[in-house]
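Descriptive structure summary
Residues per chain are reported as follows:
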Amino acid sequence: MSAALLALAACETGVLTSSAVPRARPAVAAPAPQIVPTSQESAALRSYLVQVQTAQMGQGLLRDDGGGPDTPFSADTLAKNFERIVFYDEYANALQGRGGESPLRRWSSPIRMEIISGASVPPSQREADNINIRNYARRLSDVSGHPISFFGRPNFVIVIASEDDRSTALDAAAARIPGITASSLDALRTLSRDTYCAVAAYAAGTDASTYTAAVALIRAENPGLLRLSCIHEELAQGMGLANDSRDARPSIFNDDDEFALLTNHDELLLKMLYDPRLKPGMREDEAAPITRIIARELVSGPL
């Protein structure tokens with residue numbers, strides 16, 4: 001089965017949650033013959049990302065309140081933001097160049113997630129990541145109405161790895177997902193310092209509008225809030241909210257980094273994306289009349 005890369009999205013920008021979830025299966029560690037000391041490159045990146053988080057929080061960015069009275073939005077604004085985020089790609093290819101117009105893309109089959117942690121990630125951090133990802137996956141499923149589990153052969157792998165073990169962890173991810181090869185993940189192997197995380201989504205067969213696989217990469221060097229921010233954005237983008245918009249507010253799909261965690265506005269975007277009145281493959285002009293109706297229902301109630 002051949003797989004085609006559909007979309008790439010990256011975050012150039014989590015506080016660990018305290019609620020626990022059933023531990024059906026621990027995070028999977030990427031193969032490693034031995035744990036080696038952290039490289040200077042990885043240590044320098046970790047220091048840099050801590051400085052980034054501190055600076056952004058000092059500027060009032062990376063909000064974790066989900067939006068409030070200071071960030072109102074109308075049904076028309078929600079519809080416009082949806083159209084910009086869903087019907088355009090963030091990148092043209094390989095995390096480079098601005099993307100162009102695209103059809104609506106989302107999953108049709110249930111999502112089966114798995115976490116692969118690089119050898120550099122200590123057990124305590126693996127457990128915290130596992131809790132955060134499982135809690136958030138449940139939220140995404142509840143909001144979208146689309147099934148997400150952590151059982152069976154995965155089709156959506158979340159890789160958390162450092163500069164020292166990213167390539168090995170990505171190889172492990174490719175081995176876990178049918179139809180995905182190690183070379184198909186090359187865009188995730190070499191990242192600029194300002195790319196904190198990324199996701200690649202794929203389709204197999206002739207239907208290029210339906211996701212069949214995805215791999216999200218989270219830098220293990222990310223500190224708490226940046227780390228959780230990456231989890232929130234990349235998993236949501238991997239469900240089909242593929243683009244960012246500078247006009248979207250309150251939203252994590254905005255490169256201004258005002259919000260770190262999925263907002264009430266973003267939850268409505270997910271509801272719209274998986275509304276059965278919209279279909280994979282729809283273009284913006286075809287979907288627009290339906291999009292406006294759904295946005296008004298979500299903001300003001302049924303017509």
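Here's what I pulled together on the structure shown here.

**Some remarks on helix α4 (residues 166–176)**
Looking only at α4, the buried set comprises R166, A169, L170, A172, A173 and A174. Buried residues along α4 sit in contact with β6 (111–117), β8 (156–161) and β11 (213–219).

**Let's talk about the state of the cysteines**
Here, the word disulfide means a covalent bond between the sulfur atoms of two cysteines. Evaluated as defined, the whole model comprises one disulfide. One disulfide in the model links C197 with C230; its S-S distance is 2.2 Å. Taking the sign of the torsion about the S-S bond as the criterion, the disulfide between C197 and C230, at about -80°, is left-handed. Within this pair, whereas C197 is found in strand β9 (residues 197–204), its partner C230 is found in helix α5 (residues 224–237), the two being separated by 33 residues in sequence. Grouping residues by exposure puts C197 and C230 together as buried.

**Some details on the pairing of β11**
Taken across its seven residues, β11 has seven buried, putting it largely inside the fold. The alternating pattern of β11 places A213, V215, L217 and R219 and A214, A216 and I218 on opposite faces, both of which are buried. Relative to β11, β8 runs parallel, the two sharing six bridges. In the sheet register, I160 faces β11, and the bridge partner there is I218.

**A closer look at the packing of aromatic side chains**
Aromatic ring pairs are described here by two measures, namely the spacing of the ring centres and the angle between the planes. All told, the structure shown has three aromatic pairs when counted by the stated rule. Aromatic pair W107 and F156: ring centres 6.1 Å apart, planes at 20°, arrangement stacked. With W107 in strand β5 (residues 106–107) and F156 in strand β8, this residue pair connects regions lying 49 residues apart in the sequence. The exposure classification of W107 matches that of F156, with both residues buried. Both rings, one in W107 and one in Y211, keep their centres 6.2 Å apart while their planes meet at 65°; by these two values the pair is edge-to-face. Of this pair, W107 sits in strand β5 while Y211 is found in strand β10 (residues 210–211), placing the two residues 104 residues apart along the sequence. When sorted by exposure, W107 lands in the same class as Y211, which is buried. Members of the aromatic cluster, each reached through a chain of ring pairs, are W107, F156 and Y211. Taking NZ or CZ as reference, R84 lies 4.1 Å from the ring centre of Y88, over its face.

What counts as what
Residues numbered from 1 in each chain as written. Predicted model: local features only at pLDDT ≥ 70, side-chain atom pairs only at ≥ 80, totals over all residues. Heavy atoms only, no water. Buried < 20%, exposed > 50% of the residue type's maximum accessible area, 1.4 Å probe, protein only. Helix = DSSP H or I, 4+ residues; strand = E, 2+ residues; numbered from the N terminus. Contact = heavy atoms within 4.5 Å. Disulfide = S-S within 2.5 Å. Pairing = 2+ DSSP bridges. Phe/Tyr/Trp six-rings, centres within 6.5 Å; stacked < 30°, edge-to-face > 60°. Lys NZ or Arg CZ within 6 Å of the ring centre and 35° of its normal.

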